[in-house]
Amino acid sequence: MDRCLEVCASTLRGEGNHGILTASGAHVNVPPTPIPLDDRAIDELEKLLSLPLEELALGVLELRHYSQLLSLLPPENRRKLAVTLLKVLRTSGEKISSLNTLNELFLIITPLLQDNPVSASGAVASSVDQGHVSRVFHAIFHEDTDAHFEMLQAAHRKVLQCGGRPEDTISVVTAALSLMNRVRDLEFPEVPLPQEKEMTGGGEEEQVVVIEDLDTKEIAKGSMIQPSAQEDEVNQRREEQQHDKEDDLSYEDEKEDDLSYGDVAEKVHEPIEEKDQIDTLAERLDAGIKVDQPDRTSVEETTKKEDLSSVPQLYPSTSVAGDLFPDEPPLHEDALTEVKPSIAPFTKQVSCRKIFAFIQGIVASLKIQNPETCLILSTQAAVAADLCSRVSECRGDDGSMFSPIAYTFFSDAFSSYERGLRDSITQVNCVVNMIGSLLSCKGFNANDYEALSTKVTQFAARLVKKVDQCRMVMWCSHLFYDYAGGYQNAQRALECLQRSLKIADVCVSSNPINLQLFIDILDTYLYHFEKKNPLITDKFISGLIALINEHISNVGGNPLVSDAKAHFSLIVKYIGEKKNDPHFSPVICN
């Protein structure tokens, strides 16, 4: 396949012409002259290049001469083949995992990255193609985060070379934020919980069991013998001893002097009910399962001690008096303290801070050309930085280094809003974006959060239209009182609600259709009241209900406010259902 593409490309470039011979027989080199392509040749060449796409998908990028032959087509045909390749890439689900593959792919899709791609179907086709291009940046993946980041940087350079459209820039930043989640988990891994070892009586754990017989003593390593198994073994030994009694003439004499294993086992497994019996048993076990005999002579005691000393000691004897398990190693104080599991150090070159620096450089380049896009990307990066701060703190690290990064991104967003946004609709959308982003941030200290919230509230109060001012200032009340335990300033929240109420009164007085503003403010008041904001009392709810009833009576049967009336009726019904609650009982709904 690659050989066929090479011959075709060489022929179309005119490289097959080796020169001409003059009348004198001299050979003159002639520069290659490309062969012009007519419509039929273009169609055939496009079919030739489309054949390997369905079978090879990204494998066509490994063909060295594929992109060379593709460059001979007109821009419109190149764009069609690029779209076909991206559709195949989406269907196959393949990932771009090498820098060479990425470079070859961008050579093919260059017509789609240009500012004004030639398209016979117009802007609609261009917007559809943009969706395929955006997926390319999210198809970049490598197990090594450093290599993944290097490919993202290369993709951004390609975008800049083709004009740097805002749509492609947004895709690069979004892919970088996705990579940042992986890097964050590597840089601040979760601390594994310590494994608790469950010790149960009669378990299957490996222990050392001391067995003392009449003539021999041995240490058997294996599973702890259950009481039923020990009783069977004791009975078997007794039968063997009874059988050998007639042949062993010294059995009667030794029985009085020595204590058999069966007797010890019977005493060990007797039901112990009194504390003194436990202490006595513990002392006997500390002595190596040795029972004192009142008739034992000093010679016999010496012999017994020598026999016990011949038993190999796998563990040193315990120093704890009354220990029921002398054959286990004693527990020291160091063993009782909690040992923190070791965490592998972060060895990657690309950290979260480096990714944020990369994103900040991209955002800065958009501040003049496209301030709205710059604001959106800045708020997204700020929320991501705040999330890094909280995650690192939850996992035992210092998360304070990410709070200044989040604050810087919010400052960039505010700067873009003040300098570049003039359209009223765009301003409203950006204020909504900033309010939502700030509500998502929980890692700021009180001073920084209050400064940012105050700035957003000022933006809301300076909007062009009064209706927009009313709604945005009303929503800003949520910034100043976090009922989940975060920043709480009841006075500021009440000031936002009172300011929005004054603006709504002006709007309704000029146009009764704006009655919905009063309903929305009542809904917000009710939310803060139900969450038990200390400054939002029943008097505010009752007064606002009376004010709305007055305006409804003035409006009469205007059909333009029917939705507002229905909404108000539902709120009043909800308050009536809450009358059994002592918190809602003082509210007057009539």
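So, how was this worked out
- Residues numbered from 1 in each chain as written.
- Predicted model: local features only at pLDDT ≥ 70, side-chain atom pairs only at ≥ 80, totals over all residues.
- Heavy atoms only, no water.
- Helix = DSSP H or I, 4+ residues; strand = E, 2+ residues; numbered from the N terminus.
- Buried < 20%, exposed > 50% of the residue type's maximum accessible area, 1.4 Å probe, protein only.
- Contact = heavy atoms within 4.5 Å.
- Areas by Shrake-Rupley, 256 points an atom, 1.4 Å probe, with all protein chains shown as cover.
- Axes fitted to C-alpha atoms, helices over the stretch in contact; angles between N-to-C directions.
- Parallel < 35°, antiparallel > 145°, perpendicular 65-115°, else oblique.
- Nonpolar A, V, L, I, M, F, W, Y, C, P; charged D, E, K, R; others polar.
- Patch = residues over 30% accessible without salt bridge, like charges linked within 9 Å, V, L, I, M, F, W, Y side chains within 5 Å.
- Salt bridge = Lys/Arg side-chain N within 4 Å of Asp/Glu carboxyl O.
- Lys, Arg positive; Asp, Glu negative; His and termini not counted.
- Charge placed at Lys NZ, Arg CZ, Asp CG, Glu CD.
- Phe/Tyr/Trp six-rings, centres within 6.5 Å; stacked < 30°, edge-to-face > 60°.
- Expected span 1.5 Å × (residues − 1).
- Core = buried A, V, L, I, M, F, W, Y, C linked by side-chain atoms within 4.5 Å.
- Polar contact = N/O pair within 3.5 Å; in protein donor to acceptor, adjacent residues only side chain to side chain.
- pLDDT = per-residue confidence, 0-100.

Participant: Could you give me a rundown of the overall build of the chain, with the residues and numbers involved?
Facilitator: A count of helical and extended segments in the chain gives 25 helices and four strands. Taking all 590 residues of the chain together, the buried fraction comes to 38%. Once local pairs closer than 6 in sequence are excluded, the contacts in the chain between residues at least 24 apart make up 67%. For the chain, the accessible surface area stands at approximately 33600 Å², while carbon and sulfur atoms represent 52% of it.

Participant: I'd like a rundown of the side chain of Thr169, residues and numbers included.
Facilitator: Structurally, Thr169 can be placed in helix 9 (residues 166–187). Setting aside anything within four residues of it in sequence, one finds Thr169 in contact with Gly164, Ile362 and Leu366.

Participant: Can you explain the packing of helix 8 (residues 145–161) against helix 16 (residues 352–365)? Please cite residues and give values.
Facilitator: Two quantities define a packed helix pair, namely the angle between the helix axes and the distance between the axes. At a minimum axis separation of 12 Å, helix 8 and helix 16 run at an interaxial angle of 5°. In this view, helix 8 runs roughly parallel relative to helix 16, as classed from their interaxial angle. Within the contact between the two elements, helix 8 uses Phe149, Leu152, Gln153 and His156 and helix 16 uses Lys354, Ile355, Phe358 and Ile362. Residues belonging to the contact of helix 8 with helix 16 are distributed by class as follows: five nonpolar, two polar and one charged.

Participant: I'd like to hear about a negative patch on the surface, residue by residue, with values.
Facilitator: On the surface, Asp38, Asp39, Asp43 and Glu44 cluster together into a patch of negative charge. Locating Asp38 in the fold gives a position in the loop between strand 2 (27–28) and helix 2 (39–56).

Participant: Kindly report on the packing of aromatic side chains, identifying the contributing residues and their values.
Facilitator: Evaluation of the coordinates by the stated rule reveals 15 aromatic pairs. Centroid distance Tyr525 to Phe540: 5.8 Å. Interplanar angle 15°. Geometry classified as stacked. In this pair, Tyr525 is assigned in helix 23 (residues 516–530) and Phe540 in helix 24 (residues 538–555), connecting sequence segments 15 residues apart. With a relative accessible area of 2%, Tyr525 lands in the buried category. When the centroid spacing of 5.2 Å and the interplanar angle of 85° are considered together, the rings of Phe529 and Phe584 count as edge-to-face. Of this pair, Phe529 sits in helix 23 while Phe584 is found in the segment after helix 25 (562–577), placing the two residues 55 residues apart along the sequence.

Participant: Can you explain helix 17 (residues 371–394)? Please cite residues and give values.
Facilitator: With 24 residues, helix 17 should reach 34 Å at 1.5 Å per residue; the first-to-last C-alpha distance of 35 Å fits that figure. Taken from the residues just after helix 17, Gly396 is the one with a positive phi, measuring 85°.

Participant: Can you break down the environment of Phe540 residue by residue, with the values?
Facilitator: Since its relative accessible area comes to 28%, Phe540 is described here as partly exposed. Distance from Phe540 to Leu526, taken between C-alpha atoms, is 9.1 Å for residues 14 residues apart in sequence.

Participant: Break down the environment of Ala446 for me, with residues and values.
Facilitator: Within the secondary structure, Ala446 is located in helix 20 (residues 446–461). Taking the relative accessible area as the measure of exposure, Ala446 reaches 44% and is therefore partly exposed. Between the C-alpha atom of Ala446 and that of Tyr487, which follows or precedes it by 41 residues, the distance is 6.4 Å.

Participant: Can you tell me about the pattern of salt bridges, naming the residues and giving the values?
Facilitator: A side chain with one charge may pair with a side chain of the opposite charge, provided their charged atoms come close. All told, the structure shown has 12 salt bridges when counted by the stated rule. A salt bridge links Arg184 to Asp185, with the shortest nitrogen-to-oxygen separation between them at 3.9 Å. The exposure class assigned to Arg184 is buried, which follows from its relative accessible area of 10%. The partly exposed category is assigned to Asp185, whose relative accessible area is 38%. Through salt bridges that share partners, Arg184, Asp185 and Arg395 make up one connected network.

Participant: If you had to explain the nonpolar core to someone new, which residues and values would you point to?
Facilitator: By size, the foremost hydrophobic cluster in this structure holds 98 residues, and its most contacted members are Leu105, Ile109, Ile355, Phe356, Ile359, Tyr417 and Val431. Leave out the neighbours within four places in its chain, and Ile109 touches Ala82, Leu86 and Val136.

Participant: Run through the side chain of Asp482, naming residues and quoting values.
Facilitator: With respect to the helices and strands, the residue Asp482 is situated in the loop between helix 21 (466–476) and helix 22 (490–510). At 3.1 Å, the side chain of Asp482 and the side chain of Lys442 are in polar contact. In this structure Asp482 touches Lys442, Tyr487 and Gln488, once residues within four positions along its chain are discounted.

Participant: Go over the packing of helix 4 (residues 75–92) against helix 5 (residues 99–108), please, and point to the residues and values.
Facilitator: At a closest axis distance of 9 Å, the pairing of helix 4 and helix 5 adopts a crossing angle of 135°. When the interaxial angle is binned, helix 4 and helix 5 end up oblique. Contact with helix 4, carried on its side by Arg78, Ala82, Leu85, Leu86 and Leu89, involves Leu105, Leu107 and Ile108 of helix 5 and no other residues of that element. Taken together, the residues of the contact of helix 4 with helix 5 break down into seven nonpolar, no polar and one charged.

Participant: Describe the environment of Leu387, with residues and values.
Facilitator: Here Leu387 is to be found in helix 17. Classification of Leu387 by relative accessible area gives partly exposed; the value is 32%. The spacing of Leu387 and Asn181 is 206 residues in sequence and 9.7 Å in space, taken between C-alpha atoms.

Participant: Account for the confidence of the model for the chain, with residues named and values stated.
Facilitator: For the chain, the average pLDDT comes to 76, and 66% of its residues sit at 70 or higher. In this model residues 117–125 is a low-confidence stretch, pLDDT under 50, and it forms eight contacts with partners more than four residues away in sequence or in other chains.

Participant: Can you explain unusual backbone geometry? Please cite residues and give values.
Facilitator: Of note in the backbone geometry, Lys532 takes a positive phi value of approximately 65° without being a glycine. Tracing the backbone shows Lys532 in the loop between helix 23 and helix 24. Residue classification places Lys532 among the exposed residues on the basis of a relative accessible area of 57%.

Participant: So, helix 18 (residues 403–420): which residues are in play, and what are the values?
Facilitator: For helix 18, with 18 residues, the first-to-last C-alpha span of 26 Å sits near the 26 Å given by 1.5 Å per residue. All of the buried residues in helix 18 are Ser403, Ile405, Ala406, Phe409, Phe410, Asp412, Ala413, Phe414, Ser415, Ser416 and Tyr417. Its buried side turned inward, helix 18 meets helix 16, helix 17, helix 19 (424–440) and helix 20.

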